[in-house]
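Single-letter residue listing:
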Amino acid sequence: MAIYRQVHITFWTDPCLLEWSPEEKYFYLYLMTNPYTNQIGIYEISKKMISMQLGYSIDTVSILIKTMIDRQKILYSEDTNEVYLLNWIKYNKSSSPKVLSLVDKELAIVKNQGFARLYHDTCTSQGLKLKPLSIQYPYSMDTHPQKEQEQEQKEEQEEEQEKEQQQEKEVSVVVVDNLHADNIFSQFEKAGFGLASSFQAEKLSELEKHYGYEWTSDAIKKAALSNAFNLNYVEGILKNWKANGRNAKKPKYDKKGKEIKKDFTEREYDYDALERQLLGWDKKGG
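All figures in this text were calculated on a predicted structure; none of them were measured in a lab.

S.K.: Explain unusual backbone geometry residue by residue, including any values.
M.R.: The residue asparagine 81 is not glycine, and still its phi comes out positive at about 60 degrees. Checked against the element boundaries, asparagine 81 lands in the loop between strand S2 (74–77) and strand S3 (82–85). For asparagine 81, a relative accessible area of 26% puts it in the partly exposed group. Residues other than glycine seldom take positive phi values, yet asparagine 227 does so here, at roughly 60 degrees. Within the secondary structure, asparagine 227 sits in the loop between helix H10 (213–225) and helix H11 (231–244).

Set out below in structure tokens:
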């Protein structure tokens, strides 16, 4: 390992770097010159070590690493704590056999498989002859942005789950509050169906809106009398009432299952008038 690193003078005239803060320039300069750098610009260094050497907090180091990644200056593997200086080969390219031999040795110990392959492909595309990568490395190119994206997706999923749970709680609160009032939810609970779930509460509201409170309440009671504690059964009653009339009489059947039909027309009576006659209220002078 070299005891010093050369920094090209164009570092200070780079148009991009002119817009950087002093802290960002200092950090990038550190990444290129710290004691862990090597011939290939891929080396292992932990955030804790960077924090100790620069005097920054680990949170600040993480922010600066992300900034360098966003500006496409480095890659960083959270799994292996390896930094990949993307422009390193641009300013440290050499076709010397001794240098290439050193590159092969250092490339062979890179833990992140993706970093090693990317560096090898870059060298090959520039005409440098390196040994083929024959070792299967245990790590993929799992960079900081990928980790961050996965974390963001995980947080979004957790937020959605929390919203759904909150909505269910709100519906449950509405249902519980409604039990103290004379409404369709209290009728549902009193009839023996139990406390309505969020789905049942929504269904009850739809039935009440479509058929009215009285019909829905009576259908619930009728279903309970039939020991059918099922909302589909309640809905079936309501549909039947709407189709055939609520007061329609059920047909009667004989022992063979045939419908009994009357072959005569029943007389209609005015029962109030008959009662008055029987009591003598219609007699004059009574």
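Text resumes after the structure shown.
S.K.: Tell me about the packing of helix H9 (residues 198–211) against H11, and please be specific about residues and values.
M.R.: The contact between H9 and H11 brings their axes to 11 Å, and the two run at 10 degrees. Relative to H11, H9 is oriented roughly parallel. Of the residues in H11, those in contact with Gln200, Lys203, Leu204, Leu207, His210 and Tyr211 of H9 are Leu231, Val234, Glu235, Leu238, Lys239 and Lys242. A class-by-class count of the residues in the contact of H9 with H11 yields 6 nonpolar, 2 polar and 4 charged.

S.K.: Residues and numbers for a negative patch on the surface, please.
M.R.: Together, Glu155, Glu156, Glu158, Glu159, Glu160, Glu162 and Glu164 make up a region of like negative charge exposed at the surface. As for its position among the elements, glutamate 159 is in helix H7 (residues 144–178). When its relative accessible area of 46% is taken as the criterion, glutamate 159 is described as partly exposed.

S.K.: Pulling in residues and values, what's your account of the pattern of salt bridges?
M.R.: Taken as a whole and judged by the stated rule, the model has 7 salt bridges. Notably, a salt bridge pairs lysine 47 with glutamate 78, separated by 3.1 Å at the nearest N-O pair. Of this pair, lysine 47 sits in helix H2 (residues 47–54) while glutamate 78 is found in the loop between S2 and S3, placing the two residues 31 residues apart along the sequence. By relative accessible area, lysine 47 is classed as buried at 14%. On the basis of relative accessible area, glutamate 78 is assigned to the partly exposed category, the value being 25%. Salt-bridge contacts for aspartate 218 lead to arginine 246; the nearest nitrogen and oxygen are separated by 2.2 Å. Here aspartate 218, found in helix H10, pairs with arginine 246, found in the loop between H11 and helix H12 (271–279); they are 28 residues apart in sequence, far enough to count as distant.

S.K.: Hey, could you go over the sheet that holds strand S1 (residues 42–44) for me, with residue numbers and the actual values?
M.R.: In a beta sheet, neighbouring strands are held together by backbone hydrogen bonds and run either parallel or antiparallel to one another. As summarised here, the arrangement of the 3 strands in space is S1-S3-S2, forming an open sheet in which the pairing is antiparallel. Edge strands, defined here as strands with exactly one partner in the open sheet, are S1 and S2. Direction aside, the axes of adjacent strands within the sheet are offset by 20 degrees on average. Where S2 lies against S3, 4 bridges are found, and the strand directions are antiparallel.

S.K.: I'd love a proper account of the pairing of S2, names of residues and values included.
M.R.: The alternating pattern of S2 places Ile74 and Tyr76 on one face and Leu75 and Ser77 on the opposite face, and all of these are buried. The antiparallel hairpin formed by S2 and S3 contains 4 residues in its connecting segment, where asparagine 81 sits at a positive phi of about 60 degrees.

S.K.: Residue-level account of the packing of helix H8 (residues 184–193) against H10, with values.
M.R.: Two elements in contact, H8 and H10, have axes whose closest approach is 9 Å; the angle formed by their N-to-C orientations is 10 degrees. By the angle between their directions, the pair H8 and H10 is classed as roughly parallel. From H8, Ile184, Gln187, Phe188, Ala191 and Phe193 reach across to H10, where they touch Tyr213, Thr216, Ser217, Ile220, Lys221, Ala223 and Ala224. Of the residues in the contact of H8 with H10, the class split is 8 nonpolar, 3 polar and 1 charged.

S.K.: Tell me what's going on with the confidence of the model for the chain, and back it up with residues and numbers.
M.R.: Averaged over every residue, the pLDDT of the chain is 80; residues scoring 70 or more account for 72%. Confidence drops under pLDDT 50 across residues 171–181; counting only partners more than four residues distant or on other chains, this segment forms 14 contacts.

Calculation rules
Residues numbered from 1 in each chain as written. Predicted model: local features only at pLDDT ≥ 70, side-chain atom pairs only at ≥ 80, totals over all residues. Heavy atoms only, no water. Helix = DSSP H or I, 4+ residues; strand = E, 2+ residues; numbered from the N terminus. Buried < 20%, exposed > 50% of the residue type's maximum accessible area, 1.4 Å probe, protein only. Axes fitted to C-alpha atoms, helices over the stretch in contact; angles between N-to-C directions. Parallel < 35°, antiparallel > 145°, perpendicular 65-115°, else oblique. Contact = heavy atoms within 4.5 Å. Nonpolar A, V, L, I, M, F, W, Y, C, P; charged D, E, K, R; others polar. Patch = residues over 30% accessible without salt bridge, like charges linked within 9 Å, V, L, I, M, F, W, Y side chains within 5 Å. Areas by Shrake-Rupley, 256 points an atom, 1.4 Å probe, with all protein chains shown as cover. Salt bridge = Lys/Arg side-chain N within 4 Å of Asp/Glu carboxyl O. Lys, Arg positive; Asp, Glu negative; His and termini not counted. Charge placed at Lys NZ, Arg CZ, Asp CG, Glu CD. Pairing = 2+ DSSP bridges. pLDDT = per-residue confidence, 0-100.

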